Amino acid sequence: TGKSFYARYLAETLKIKYRQKRASDLISPYVGGTEHNIATAFEEAREENYMLIFDEADSFLQNRSKAHYAWEKTAVNEMLTWMESHPYPFICTTNLMNDIDPASLRRFTFKVKYDFLTPAQVKIAFDFFFGLKVEEGEISHLNKLTPADFTVIKSKAEIFGLKNQPTRLIEMLSEEQNLKHPQNTANIGFCMS
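Throughout what follows, the structure given in this document is the object of discussion.

The rules behind each value
Residues numbered from 1 in each chain as written. Predicted model: local features only at pLDDT ≥ 70, side-chain atom pairs only at ≥ 80, totals over all residues. Heavy atoms only, no water. Helix = DSSP H or I, 4+ residues; strand = E, 2+ residues; numbered from the N terminus. Buried < 20%, exposed > 50% of the residue type's maximum accessible area, 1.4 Å probe, protein only. Contact = heavy atoms within 4.5 Å. Areas by Shrake-Rupley, 256 points an atom, 1.4 Å probe, with all protein chains shown as cover. Lys, Arg positive; Asp, Glu negative; His and termini not counted. Charge placed at Lys NZ, Arg CZ, Asp CG, Glu CD. Phe/Tyr/Trp six-rings, centres within 6.5 Å; stacked < 30°, edge-to-face > 60°. Salt bridge = Lys/Arg side-chain N within 4 Å of Asp/Glu carboxyl O. Polar contact = N/O pair within 3.5 Å; in protein donor to acceptor, adjacent residues only side chain to side chain.

## Comments concerning the overall build of the protein chain
- Secondary structure assignment for the protein chain yields nine helices and five strands.
- Tracing the protein chain from N to C terminus, the helices and strands come up as α-β-α-α-β-α-β-α-β-α-α-α-α-β.
- Oriented by its inertia axes, the alpha-carbon framework of the protein chain measures out at about 55 × 40 × 30 Å.
- Across the 193 residues in the protein chain, those meeting the buried criterion constitute 41%.
- Of the contacts made within the protein chain by residues no fewer than 6 positions apart, 72% connect residues no fewer than 24 positions apart.
- Of the accessible surface of the protein chain, which amounts to about 10,800 Å², a share of 54% is contributed by carbon and sulfur atoms.
- Each charge class in the protein chain was averaged separately, 23 positive and 25 negative side chains, and the resulting centres sit 2 Å apart.

Structural data, given as structure tokens:
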């Protein structure tokens, strides 16, 4: 949905250096390794004055009441401790807001939900990604799309030479929308800082 992109855009707009961390940068198979990686990320951010962006935060901020192993709890505890004392902005993104530990949610000043594009936004995205104008009536059924869907269809359209065929592009966007499972359409993304 563009959560990480928006976090980078926000940092650039605020003229703040940033560093983006994925779960694979933090989660370690060794005892204490995840906690060490979390601490290192925050220490480096503090020393170098940059904003941290943690992608897929549900991987290391999962609800401790559902933890099966002690290390799952200690990783969350380490993250919570650093969140409280970190002097610079940091942003966490997730598609699984319901899996985030409630104590961590209280530590975020802002929680922003990213929803599907409105018909007006779909029209703007159509123009932005394809350079084509369409009427809202032609695309009113496209109500479960994100910018990422347009990126996929743009790539596909370029491969098949369909970039200038609005009717075919609308069909491709419809097909992409139909691939989404209904249970995945309620909470599509959150960005928290």
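## As for the packing of aromatic side chains
- Taken as a whole and assessed by the stated rule, the structure comprises ten aromatic pairs.
- An angle of 85 degrees between the planes, with centres 5.1 Å apart, marks the rings of F128 and F129 as edge-to-face.
- Looking at F128, the relative accessible area reads 67%, which means it is exposed.
- The class for F129 is buried, based on a relative accessible area of 13%.

## Concerning the side chain of K3
- Note that K3 resides in helix α1 (residues 3-13).
- No salt bridge forms around the buried K3; measuring N to O, its nearest opposite-charge neighbour E56 is 5.1 Å away.
- Side-chain polar atoms of K3 contact the side chain of N95, separated by 2.8 Å.

## Quick notes on the pattern of salt bridges
- The final tally for this structure, using the stated rule, is nine salt bridges.
- Of the charged contacts in the structure, one is a salt bridge between K133 and D127, with a shortest N-O distance of 2.9 Å.
- Look at D127 and you get partly exposed, because its relative accessible area is 28%.
- Here K156 ties to E176 by a salt bridge, and the two come within 3.9 Å at their closest N and O atoms. One end of the pair, K156, is in helix α8 (residues 147-160); the other, E176, is in helix α9 (residues 166-178), with 20 residues separating them in the sequence.
- It is possible to trace a salt-bridge network through shared partners that takes in R168, E171 and E175.

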